[in-house]
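# Overview (structure and organization)
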Amino acid sequence: MSLHKTNLITSERMKIYLKLICIAAAATAFCACKNSNTAGQESKTQEQAVSNEMEGYAAPLELKYVDVEDKTYEVEGHTYPLYLTDKFYPIGWSKDGKFAYITEPADEAVGAYFFEFSIIDLNSSETVFSWKPEENPETGSLQQTWDENHTMFEEVLRQHGIVQQEKFALEALELEGSDKDPEIWMDTTMAFNSFICSSCVQKVRVIKGFDQDSKLLFEKTYGEYDLVLDENLAGTLRSPYENIQATMILYVSRGYEGPPHVYHFVLAGTR
């Protein structure tokens, strides 16, 4: 074979080789671009999903934690409720252990409407945000207060990453018919109160676990004029995002001049 013909064959092969290299490079660039766009779309989709979860906060619904409707007392032929309750409106959870809720404190004898908006960090049981109106109107409602302050509520809920939950249910701490001791339990100390000539709660502790594995969740000592008649545990609310829960602790305060008495609640976090 002549040298000239050999050079022609080599040249043709080189052209084909260079074409293959160009095609491979173009395919690689196309795939890289497509993967980049897909990753970007996935990132935007995830961000949009989180954003959508926190859109459209609505006024929350009441969750009843104690049944006192059938307990009454009579004065001069008139029947009145023996107990009032602070109303509880759970809103939702963040993915790092925060819980948002609204309380409508009971009006025992003031003649006003009360409202409190709170966010608690269940990792430490500390309130990280709290708001209530500067003045308490004679009348009001949760819906009205929510509508009037919706922009502020929404901003705060977004800042803390709160995702609203539609339905809530208190989980019982002690299963009916079970021989097992409840994992979370209460230790209450009673003492004679000379102001009302009866026993009142002097100290309460809420504990999770037993012996060396126990953990103190809540502790409080009451003064003579706190007049706490009773304490108990209503149950727990469990976060849908992680193994953390809010334990609801109830206490009953005696009315200043007798009944009606008032049920209040405190929340404590635990894992």
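Please refer to the structure placed before this passage.
Summary of the structure given here. (Residues numbered from 1 in each chain as written. Predicted model: local features only at pLDDT ≥ 70, side-chain atom pairs only at ≥ 80, totals over all residues. Heavy atoms only, no water.)

## Details of the overall build of the protein
Under the convention used in this document: Strands are runs of DSSP state E lasting at least 2 residues, helices are runs of H or I lasting at least 4, and numbering of each runs from the N terminus. Only protein chains enter the calculation, and the probe is 1.4 Å; a residue is then buried if its accessible area is under 20% of its type maximum, exposed if over 50%, and partly exposed in between. The contact rule is simple, with two residues in contact once any of their heavy atoms fall within 4.5 Å. All accessibility values rest on the Shrake-Rupley procedure with a 1.4 Å probe; residue burial counts only the protein chains present in the view.
Scanning the protein from terminus to terminus reveals three helices and 14 strands. Looking at the protein as a whole, 33% of its 271 residues are labelled buried. Taking the intrachain contacts of the protein between residues at least 6 apart in sequence as the baseline, contacts between residues at least 24 apart amount to 54%. A total of about 17,200 Å² of accessible surface is found on the protein, and carbon and sulfur atoms cover 50% of it.

## Focus on the sheet that holds strand β12 (residues 228–238)
The strands making up a sheet associate through backbone hydrogen bonding, with each pair oriented either parallel or antiparallel. Just so we agree on the cut-off: When DSSP locates at least two bridges between a pair of strands, those strands are taken to pair. The axes are straight lines fitted to the C-alpha atoms, using for helices just the contacting stretch, and the angles between their N-to-C directions are given from 0 to 180°.
The strand order across the open sheet built from four strands is β3-β14-β13-β12, with neighbouring strands paired in mixed fashion. Edge positions in the open sheet fall to β3 (83–85) and β12, since each of these has one partner strand only. Strand-to-strand twist in this sheet, taken as the mean axis angle between neighbours without regard to direction, amounts to 30°. Where strand β13 (residues 245–253) meets strand β14 (residues 261–270), nine bridges bridge the pair, whose relative direction is antiparallel. If you follow Gln245 over to β14, its bridge partner there is Thr270.

## Some words on the pattern of salt bridges
Spelled out, the test is: By definition here, a salt bridge exists when the distance from a side-chain nitrogen of Lys or Arg to a carboxyl oxygen of Asp or Glu is within 4 Å.
Evaluation of the coordinates by the stated rule reveals seven salt bridges. The shortest N-O distance in the salt bridge between Asp96 and Lys98 comes to 2.9 Å. For Lys208, the salt bridge goes to Glu183, with nearest N and O atoms at 3.9 Å. Here Lys208 is found in strand β10 (residues 198–208), whereas its partner Glu183 is found in the loop between β8 (163–164) and β9 (184–193), with 25 residues between them in sequence. The exposure class assigned to Glu183 is partly exposed, which follows from its relative accessible area of 48%.

## Thoughts on helix α3 (residues 150–159)
Quick note on the threshold: Directions pointing from the helix axis toward each C-beta atom define the arc.
For α3, the set of buried residues is Phe153, Val156 and Leu157. Down the axis, α3 shows its buried residues gathered within 100° of arc, on one side only. Of the exposed residues in α3, the ones pointing more than 90 degrees away from its buried face are Thr151 and Gln159. Of the residues one or two after α3, Gly161 is the one with positive phi, at around 70°.

## Re the nonpolar core
Soluble, globular proteins show a tendency: their nonpolar side chains are buried together. Spelled out, the test is: The set of buried Ala, Val, Leu, Ile, Met, Phe, Trp, Tyr and Cys residues whose side-chain atoms join them within 4.5 Å is what this entry labels a nonpolar core.
Core analysis: the biggest nonpolar cluster contains 20 residues, and Phe88, Phe99, Leu237, Phe265 and Leu267 have the highest contact counts within it. Those elements giving two or more residues to this core turn out to be β4 (87–93), β5 (98–104), β13 and β14. Among the elements that take part in this core, β13 stands out by supplying four residues, more than any other. Not counting residues up to four positions away in its chain, the partners in contact with Phe88 are Leu61, Glu62, Leu63, Tyr65, Phe99, Tyr101, Ile102, Leu237, Met248, Phe265 and Leu267. Membership of the second largest hydrophobic core comes to 15 residues, among which are Tyr57, Tyr89, Ile91 and Ile102.

## Re the packing of aromatic side chains
Put simply, the rule reads: In this scheme Phe, Tyr and Trp rings, the latter by its six-membered ring, pair at centre separations within 6.5 Å, and the angle between planes marks the pair as stacked below 30 degrees, edge-to-face above 60, and tilted otherwise.
Overall, the coordinates contain 19 aromatic pairs when judged by the stated rule. With a centroid separation of 5.8 Å and an interplanar angle of 75°, the aromatic rings of Phe117 and Phe129 are classed as edge-to-face. Here Phe117, found in strand β6 (residues 116–121), pairs with Phe129, found in strand β7 (residues 126–131); they are twelve residues apart in sequence, far enough to count as distant. The exposure class of Phe129 is partly exposed, given its relative accessible area of 23%.

## Some words on the sheet that holds β7
As summarised here, the arrangement of the five strands in space is β7-β6-β5-β4-β8, forming an open sheet in which the pairing is antiparallel. At either end of the open sheet lies a strand with only one pairing partner, and these are β7 and β8. Here six bridges tie β4 to β5, and the two strands are oriented antiparallel to one another. In the sheet register, Tyr89 faces β5, and the bridge partner there is Ile102.

Keep in mind these numbers describe shape, not what the thing actually does.
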